[in-house]
Amino acid sequence: MLASLLLILGVGTLGIALRTFRHMVLHKLGALGIFIATFMLGYFCSDRNVLVGLLSASIWLVLPWLEILTRIRNLRLPLEKNLTHQSPPSAEAFPDLHEITGEIEGEGFEHADDSGWDWDDY
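What comes next concerns the included structure. Within each chain, residues carry numbers counting from 1 in the order of the written sequence. It should be noted that, the model being predicted, local features are given only for residues of pLDDT at least 70 and side-chain atom pairs only at 80 or more, the latter also being counted only at that level, while totals for whole chains, interfaces and linings use all residues. Side-chain measures here rest on the full set of heavy atoms in the structure, leaving out hydrogens and waters.

1. Overview of the packing of helix α1 (residues 2–19) against helix α2 (residues 24–45)
How we decide: Axis lines are fitted through C-alpha atoms, for helices just across the contact stretch, and the angle between N-to-C directions can take any value from 0 to 180 degrees. Every helix listed is a DSSP run of H or I at least four residues long, and every strand listed is a run of E at least two residues long, numbered separately from the N terminus. Convention used here: angles under 35 degrees read as roughly parallel, angles over 145 as roughly antiparallel, angles from 65 to 115 as roughly perpendicular, and any remaining angle as oblique. Two helices cross in a left-handed way if the nearer one is turned anticlockwise from the farther one by less than a right angle. They cross in a right-handed way if the turn is clockwise. Note on contacts: a residue pair qualifies if any of its non-hydrogen atoms lie within 4.5 Å across the two residues. The classification used treats Ala, Val, Leu, Ile, Met, Phe, Trp, Tyr, Cys and Pro as nonpolar, Asp, Glu, Lys and Arg as charged, and all other residues, Gly among them, as polar.
Two elements in contact, α1 and α2, have axes whose closest approach is 7 Å; the angle formed by their N-to-C orientations is 160°. By the criterion of interaxial angle, the relationship of α1 to α2 is roughly antiparallel. Helix-helix and strand crossings are classified by hand; for α1 and α2 the assignment is left-handed. Of the residues in α2, those touching α1 at Ser4, Leu7, Ile8, Val11, Gly12, Gly15, Ile16, Leu18 and Arg19 are Leu26, His27, Leu29, Gly30, Ala31, Gly33, Ile34, Ile36, Ala37, Met40, Leu41 and Phe44. Looking at side-chain class alone, the contact of α1 with α2 contains 14 nonpolar, six polar and one charged residues.

Structure (structure tokens):
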């Protein structure tokens with residue numbers, strides 16, 4: 001049991017250490033190491049059941065969905081928001097505005113008016 005715990009800690013520590021590197025391959029190997037450590041945690045805690053190991057490793061795939069579901073519920077858009085005339089952003093804030101506008105107009109869209117809304121605290 002102690003050997004299994006030390007193996008899990010070693011693989012997990014190696015995975016976290018590899019995630020600190022800036023090289024893409026090492027970064028991805030670190031993520032794989034964390035997946036493997038989580039699999040091994042479920043595998044060894046369930047008396048060597050592969051299915052429990054796979055389920056424990058798959059929790060990492062569900063975590064982003066949990067964050068999306070909890071964060072979207074907190075986002076609230078205003079029910080009434082009127083667009084008003086606003087001048088286009090400066091060339092410093094949006095340097096490619098004229099090029100993108102030309103491409104959009106080239107696709108058949110026509111320029112109606114510059115409008116937007118104040119974002120307040122959103």
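2. With respect to a nonpolar patch on the surface
Note the cut-off: A patch is a set of surface residues, each over 30% in relative accessible area and not in a salt bridge, joined within 9 Å for like charges and within 5 Å for the nonpolar side chains Val, Leu, Ile, Met, Phe, Trp and Tyr. Accessibility throughout is a Shrake-Rupley quantity obtained with a 1.4 Å probe, and a residue counts as covered only by protein chains that appear here. The term salt bridge refers to a side-chain nitrogen of Lys or Arg lying within 4 Å of a carboxyl oxygen of Asp or Glu.
There is a patch of nonpolar side chains on the surface, built from Leu61, Val62, Trp65, Ile68 and Ile72 and spanning about 540 Å² of accessible area. Positionally, Ile68 belongs in helix α3 (residues 50–74).

3. Focus on a negative patch on the surface
Stated precisely, the cut-off is as follows: Two residue types count as positive, namely Lys and Arg, and two as negative, namely Asp and Glu; His and chain ends fall outside the count. To locate a charge, take NZ of a lysine, CZ of an arginine, CG of an aspartate or CD of a glutamate. Accessible area is worked out with a 1.4 Å probe on protein chains only. A residue is then buried under 20% of its type maximum, exposed over 50%, and partly exposed in between.
Taken together, Asp96, Glu99, Glu103 and Glu107 make up a surface patch of like negative charges. Examined against the element boundaries, Glu99 turns out to sit in helix α4 (residues 97–106). The exposure class of Glu99 is exposed, given its relative accessible area of 52%.

4. Observations regarding the packing of aromatic side chains
Note the cut-off: Note on ring pairs: Phe, Tyr and Trp rings are taken, using the six-membered ring of Trp, and paired if centres are within 6.5 Å. Classes follow the plane angle, with under 30 degrees stacked, over 60 edge-to-face and the rest tilted.
Enumeration over the complete set of coordinates arrives at two aromatic pairs. Note on Phe39 and Tyr43: the rings are 5.7 Å apart at their centroids and 15° apart in plane angle, and the pair reads as stacked. Within this pair, Phe39 and its partner Tyr43 are both found in helix α2, separated by four residues, close to a single helical turn. Phe39 gets classed as partly exposed once you look at its relative accessible area, which sits at 22%.

Function cannot be inferred from these measures alone, as they are strictly geometric.
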